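For reference, the chains in residue letters:
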Amino acid sequence: MSSEPCDGCGRRVRIAGGIGDFWSFAEGSTGGIDLELADGSRHFLCFDCLERLPDDREVTAADVRRLG
Ligand SMILES: [Zn+2]
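In this report, we go over the structure that sits alongside the text. (Residues numbered from 1 in each chain as written. Predicted model: local features only at pLDDT ≥ 70, side-chain atom pairs only at ≥ 80, totals over all residues. Heavy atoms only, no water.)

## Remarks on the coordination of the zinc ion
- The coordination sphere of the zinc ion contains the protein donors C6 (SG), C9 (SG), C46 (SG) and C49 (SG), at a distance range of 2.3 to 2.4 Å.
- Coordination at the zinc ion is tetrahedral: its four donor atoms span angles of 105 to 113 degrees at the metal.
- If you list the donors of the zinc ion from N- to C-terminus, the spacing comes out as C-x2-C-x36-C-x2-C.
- On the accessibility criterion, C9 (37% relative accessible area) is partly exposed. (Donors = N, O, S within 2.8 Å, 3.2 Å for Na, K, Ca; no water. Tetrahedral: all angles 85-135°; square planar, octahedral: opposite > 155°, others 65-115°. Buried < 20%, exposed > 50% of the residue type's maximum accessible area, 1.4 Å probe, protein only.)

Structure follows, in structure tokens:
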């Protein structure tokens with residue numbers, strides 16, 4: 001188990017890594033995911049920030065910056 005800062009809010013989020021963390025993932029202890037945006041940039045976001053992203057259009061890096 002490791003953690004990574006969320007690109008939106010800056011909070012450190014626990015992430016599951018590898019097959020050994022399968023069960024902890026199933027229990028919901030993974031707090032975020034890597035996201036590839038429409039503009040090709042990659043961001044790690046917690047689920048709180050994911051929910052705040054616009055869902056009526058394609059998300060860009062500017063939207064991620066706006067989260068913070
Ligand atoms: Zn966040």
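Still more ground to cover, so stick around.
## Concerning the side chain of D63
- With respect to the helices and strands, D63 occurs in helix α3 (residues 61–67).
- A polar contact of 2.9 Å, which involves the side chain of D63, links it to the side chain of R57.
- With residues up to four places along the chain from it excluded, the contact list for D63 reads L53, P54, R57 and E58. (Helix = DSSP H or I, 4+ residues; strand = E, 2+ residues; numbered from the N terminus. Polar contact = N/O pair within 3.5 Å; in protein donor to acceptor, adjacent residues only side chain to side chain. Contact = heavy atoms within 4.5 Å.)

## Considerations on the nonpolar core
- One finds C6, V13, I15, L37, F44, L45, C46, C49, L53, V59, V64 and L67 forming the largest nonpolar core, which totals twelve residues.
- In terms of residues, this core owes the most to one element, strand β4 (residues 42–46), which gives three residues.
- Not counting chain neighbours up to four residues away, the residues in contact with L45 comprise C6, D7, G8, G31, G32, I33, L35, L50, L53, V64 and L67. (Core = buried A, V, L, I, M, F, W, Y, C linked by side-chain atoms within 4.5 Å.)

## Thoughts on the side chain of H43
- Note on placement: H43 falls in strand β4.
- The exposure class of H43 is buried, given its relative accessible area of 14%.
- Within the structure, H43 has its side chain in polar contact with the side chain of S41 (distance 3.0 Å).
- If we ignore the near neighbours within four places in the chain, the residues touching H43 are D7, I33, D34, L35, L37, A61 and V64.

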